[in-house]
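Summary of structural features
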Amino acid sequence: MITKEDIAKVQTKAKQLKALVIGDTMLDKYIYGSVERISPEAPVPILSHQSTELKAGGAANVALNLAAWGCDVSLVGLAGDDPNGEILKSVLSRFAIKHDLLTDADRPTTVKTRVVASSHHLLRIDEESTNYPEGDAEQKMVHRVLEILKAYRPDLIILQDYNKGFLTRNLIKEVITTGKSLESFIAVDPKERHFFDYGRADLLKPNLREAEHAAKMHLSISDLPSLTKGWREDMKVGTIAITLGSNGIYLQNEKSEAHVKPDRAIDVVDVCGAGDAVICSLALSLLADFGLQESGDLANLSGAYVCSHSGVVAARPDEIMTWI
């Protein structure tokens, strides 16, 4: 069982770390209101608008989570040359997140707009391009990211992949190679497209759906030990952690394994951003020399905290402590 002292230890470690998040950045827009009637024009609800919130999403939310733990954080991602890109930068600046958002005039900033009434999602609207840069555009992007990485020399690198067009196979390879030369701890939240391109990472954290896609089969918990062992050895990954929703998290490294179940049931309000909080708490707890059981406990607690709130929120250690 994780304790307040354990969380304080992780927070102390986090305050000593420089962290660089590299991945797909997004702007999360929440439109809140109430629904009291159905439209006479079509069988759809009419939302009486009450408020709109703009938040940093995707890899940008990972940066916010690391900052909440006390890390010195910098963020590298891709944005459009558009008003939404400027809004995202302003949100990051408001939270004192250092950022270098590479601009592509031929693509929009990724925006996810969620329409919410009484904590229920009515609709999500995605504005995005998922095309990956090629040729000279990719080479320039890789060169700039490596410049930032070498100058910043982070203790922790988190690669946050949402298949939105930033993390190309070449960029992934170069970042991991350079990160290893700098002795950075490399944590990865993968998606299906480049799942097997993250070899030599210190931590790989897919969810169960992503693991099933990679394995090309439906998975039960009993399948995970042998499957994870094969992936870990083939990819030369230090720790693999597969999140299992309400069933917790399965973790394995060279020395041990653990299926860590949640210690409490919660009323899930919103799952958005839970994975972002989990990878941060896992990476930080492993860097603090926690074992798999303790790391899984903290990951479950962080994810549950986020799921109990409406909208994307960062898991703050002082607030997580109140749950113990």
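The structure this text deals with has already been given above.
As the structure is a computational prediction, the values presented were derived from the model and not from experiment. All residue numbers refer to position in the chain's written sequence, counted from 1. Given that this is a predicted model, residues contribute local features only at a pLDDT of at least 70 and side-chain atom pairs are listed and counted only at 80 or more, while totals for whole chains, interfaces and linings are drawn from all residues. Think of the side-chain values as coming from all heavy atoms in the structure, minus any hydrogens and water.

1. Here we look at the overall build of the protein chain
Only runs of H or I of at least four residues qualify as helices and only runs of E of at least two qualify as strands under DSSP, and these elements are numbered from the N terminus. Each helix and strand counted, the protein chain has 10 helices and 13 strands in total. For the radius of gyration, the atoms used are the C-alpha atoms, and the globule rule reads 2.2 Å times the number of residues raised to 0.38. Relative to the 2.2 N^0.38 estimate, which gives 20 Å for 324 residues, the radius of gyration of the protein chain is 19 Å and therefore close to what a compact globule would have. Viewed in the frame of its principal axes, the protein chain has a C-alpha envelope of about 65 × 50 × 40 Å. Put simply, the protein chain has 324 residues, and 55% of those count as buried. The contact definition used throughout considers only heavy atoms, calling two residues in contact when any of these lie within 4.5 Å. Across the protein chain, every contact between residues at least 6 apart in sequence was considered, and the portion connecting residues at least 24 apart equals 69%. Charge assignment in this entry is limited to Lys and Arg as positive and Asp and Glu as negative, and neither His nor the chain termini are counted. A charge is said to be at NZ when it belongs to Lys, at CZ for Arg, at CG for Asp and at CD for Glu. When the 36 basic and 45 acidic side-chain charges of the protein chain are each reduced to a single mean position, those positions are 3 Å apart. We call a residue buried when its accessible area falls under 20% of the maximum for its residue type, exposed when it is over 50%, and partly exposed in between, using a 1.4 Å probe and counting protein chains only.

2. What to know about the nonpolar core
Side-chain atoms within 4.5 Å link the members of a nonpolar core, which is a set of buried Ala, Val, Leu, Ile, Met, Phe, Trp, Tyr and Cys residues. In terms of nonpolar packing, the biggest core is built from 59 residues, with Leu-66, Leu-75, Leu-156, Leu-203 and Leu-284 touching the most fellow members. The element best represented in this core is helix α8 (residues 274–287), accounting for 10 residues. Apart from residues lying up to four places away in sequence, Leu-284 is in contact with Val-10, Ala-14, Leu-17, Leu-66, Trp-69, Cys-71 and Leu-156. Of all hydrophobic cores here, the second largest spans 40 residues; its members include Ile-157, Ile-186, Met-235 and Leu-244.

3. Remarks on the environment of Tyr-30
Along the chain, the position of Tyr-30 falls in strand β2 (residues 25–38). Any pair of N or O atoms that falls within 3.5 Å is considered a polar contact. Within protein, one atom must be able to donate a hydrogen and the other to accept it, and sequence-neighbouring residues count only if both atoms are side-chain atoms. Side-chain polar atoms of Tyr-30 contact the backbone nitrogen of Val-312, separated by 3.2 Å.

4. Describing the side chain of Asp-189
Summarising the element assignment, Asp-189 is placed in strand β9 (residues 185–189). With sequence-adjacent residues up to four places away left out, Asp-189 is seen in contact with Leu-159, Gln-160, Asp-161, Lys-205, Gly-275 and Ile-279.

5. Regarding the state of the cysteines
Any pair of cysteine sulfurs within 2.5 Å is marked as a disulfide. Enumeration over the complete set of coordinates arrives at zero disulfides. Left unpaired, Cys-272 is separated from the closest cysteine sulfur, that of Cys-307, by 9.0 Å.

6. Structural notes on the sheet that holds strand β13 (residues 257–260)
Working definition: the strands of a sheet are paired by backbone hydrogen bonds and lie parallel or antiparallel to each other. DSSP bridges decide pairing: two strands pair if at least two such bridges lie between them. If you trace the nine strands from one edge of the open sheet to the other, you get β5-β4-β1-β8-β9-β10-β11-β12-β13, paired in mixed fashion. Of all strands in the sheet, those with a lone pairing partner are β5 (98–104) and β13, marking the two edges. With two bridges joining them, β9 and strand β10 (residues 203–204) adopt parallel strand pairing. Bridge pairing links Ala-187 to Leu-203 in β10. Its contacts with the sheet put helix α7 (residues 224–235) on β10, β11 (239–243), β12 (249–252) and β13, and the angle it makes with β12 is roughly 45°. Angles shown run from 0 to 180 degrees and are taken between the N-to-C directions of axes, each axis being a line fitted to C-alpha atoms and, for helices, limited to the stretch in contact.

7. Things to note about the pairing of strand β7 (residues 120–127)
Alignment of strand β6 (residues 111–117) against β7, held across seven bridges, turns out to be antiparallel. Considered in β7, the bridge of Lys-112 is made with Asp-126. The antiparallel hairpin formed by β6 and β7 contains two residues in its connecting segment, where Ser-118 sits at a positive phi of about 50°.

8. Quick notes on helix α9 (residues 292–307)
Because an α-helix completes one turn every 3.6 residues, residues spaced three or four positions apart along the sequence face the same direction. With 16 residues, α9 should reach 22 Å at 1.5 Å per residue; the first-to-last C-alpha distance of 22 Å fits that figure. For α9, a buried count of 14 out of 16 residues is recorded, marking the element as mostly surrounded by other parts of the structure. How far a helix is expected to stretch is found by multiplying one less than its residue total by 1.5 Å.

9. Some points on the pairing of β2
As defined by bridge partners, β2 adjoins strand β3 (residues 45–58) across 13 bridges and the pair is classed as antiparallel. Counted as the bridge partner of Gly-33 is His-49 from β3. Between β2 and the antiparallel strand that follows it, β3, lie six residues. For β2 and β6, the ladder comprises seven bridges, and the chain directions are parallel.

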